[in-house]
Amino acid sequence: MARIAGRFGRVEPRRAATAHVRGLLADIDRKNCWNLAEHAGLTGPQALQRLLRTARWDADAVRDDVRDFTVDRLDPDGVLIVDETGFVKKGVGSAGVQRQYSGTAGRIENCQIGVFLAYATPAGRALLDRRLYVPEHTWLADPGRCLAAGVPDEIAFATKPALATAMVLAALEAGVPAHWVTGDEVYGQDPRLRAALEARRIGYVLAIAGNRRVELEGAQVSAAEVAMRVSDRHWHRYRAGQGAKGPRWYAWAWARINESEAHGYRWLLIRRNLTTGELAFYRCYAPTRQPLMALVKIAGIRWAVEESFQAAKGQVGLDHYQVRGWTAWHRHITLAMLALTLLVAVAAAQPPSDQDRIPLTLPEIRRLLTVLVLTWHRSITHVLRWSDWRRRHQATARRCHYQRRSES
């Protein structure tokens, strides 16, 4: 917290931010402002709500500190991963919310979509940056709705790949030591993202759909057609990282998809499931010649961002917020990223484990922090006062809700 203290002009928001991050690391079921304030021993949630909504501090500057802290604590030459995650919401007032597909829910839901940039190394992985996706027709075409949610006037419509491109370029310009970028089909199909990476001679392994066409020996063919031409002897069995049930083994093949070597090398990478035969495809680029195993390794790292999402939501309340505004969303997400980075940094700093025990996991590190470091003194009187406040607040909310229903 001392690392970001200079981002707050006053002591009150600085103390509130410390209480907020401590609460995110605590053993609390729902990490909203009510529960975080109770954990911090405050008389009400107003200070934390003010921190997220109206207090003067720059969440983007804190995000830069989080990015620098992550790079300092993890190994250099990591891989940048772009991906999005959904935040299921009720109502229509939350910034950017609409009925849209959410990979988190696995279906179309009323939700917000956040696009994230992760940084993965053998020592650990963490989230570096975030952008809230704002739909064009349901939001940006309605200035009144944007004003109510606090969406800045200068925000223009940007696709998810465009948001990802902006985050990757910002990270590279800030000196993040990464030479590879990976992502799923949403980002692999965008030519502007690929062109931006190639212009900076940054390698990528981006997933694409089987019906996407590539240039092979002067002809345009689909990725699925290329896979049909691969003979049995050209499939190689490699491990694509460690999964929940052990090593993830697949059969891999590749093909050069351009003839000119003046601007680097491009390949189509094909992955085949050894059990089901299901195929997956990746469009790859590198400024220098690479072995097949190097591309396989980058393709396998992409799943690290899903683990980061799971840890951020399960351990530090990334999706536990109860705010609607643009500013409040970015502030909560940034502080949750900071809390996650702390857990990742502790995990990366631990010595190698022996055969008798596994390394400390993020949930276990958080539990130990809660027990040994972050425990607040809470008296019975304080707990009863909070219970009384909560019940009074809920009664007022119920009365107002009934009144609005009767008026409508």
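Everything discussed here concerns the structure shown above.
Residues numbered from 1 in each chain as written. Predicted model: local features only at pLDDT ≥ 70, side-chain atom pairs only at ≥ 80, totals over all residues. Heavy atoms only, no water.

*Asks:* Would you mind going over the overall build of the protein chain with me for this structure?
*Replies:* Secondary structure summary: the protein chain contains 15 helices and twelve strands in total. What you see for the protein chain is a C-alpha radius of gyration of 24 Å, in line with the 22 Å of a compact globule of 408 residues. Its C-alpha atoms put the protein chain at 75 × 60 × 40 Å along the principal axes. In the protein chain, which comprises 408 residues, the share counted as buried stands at 50%. Pairs at least 24 residues apart make up 63% of the contacts formed inside the protein chain by residues separated by at least 6 positions. Averaged over its 58 positive side-chain charges, the protein chain has a centre that lies 6 Å from the centre of its 40 negative ones. (Helix = DSSP H or I, 4+ residues; strand = E, 2+ residues; numbered from the N terminus. Rg over C-alpha atoms; globule rule 2.2 N^0.38 Å. Buried < 20%, exposed > 50% of the residue type's maximum accessible area, 1.4 Å probe, protein only. Contact = heavy atoms within 4.5 Å. Lys, Arg positive; Asp, Glu negative; His and termini not counted. Charge placed at Lys NZ, Arg CZ, Asp CG, Glu CD.)

*Asks:* Looking at this structure, how should I read the side chain of R302?
*Replies:* Tracing the chain through its elements places R302 in the loop between α11 (292-301) and α12 (304-315). We note that R302 is buried and unpaired, the nearest opposite charge coming from D184 at a distance of 4.5 Å. Apart from the residues lying within four places of it in its own chain, the contact partners of R302 are I81, T182, G183 and D184. (Salt bridge = Lys/Arg side-chain N within 4 Å of Asp/Glu carboxyl O.)

*Asks:* In this structure, what is going on with the pairing of strand β5 (residues 178-183)? I would like to understand it.
*Replies:* Regular strands place their side chains on alternate faces of the sheet. For β5, the tally of buried residues reaches five of six residues, placing the bulk of the element in the interior. Judged from the five bridges that link them, strand β1 (residues 78-88) and β5 form a sheet pairing that is parallel. The partner of V82 across the bridge, within β5, is G183. (Pairing = 2+ DSSP bridges.)

*Asks:* So what exactly am I meant to see when it comes to the packing of helix α2 (residues 33-40) against helix α3 (residues 46-53) here?
*Replies:* When two helices pack together, their arrangement is given by the angle between the helix axes and the distance between those axes. α3 packs onto α2 with a crossing angle of 125° between their chain directions and a minimal axis gap of 8 Å. Of the possible angle classes, the one that applies to α2 and α3 is oblique. Handedness of the α2/α3 crossing: right-handed. Residues C33, W34, L36 and A37 of α2 form the contact with α3, whose participating residues are L48, Q49 and L52. Of the residues belonging to the contact of α2 with α3, the class tally is six nonpolar, one polar and no charged. (Axes fitted to C-alpha atoms, helices over the stretch in contact; angles between N-to-C directions. Parallel < 35°, antiparallel > 145°, perpendicular 65-115°, else oblique. Left-handed = near helix turned anticlockwise from the far one by under 90°. Nonpolar A, V, L, I, M, F, W, Y, C, P; charged D, E, K, R; others polar.)

So, to be careful, I would describe these as geometric facts and stop short of saying anything about function.
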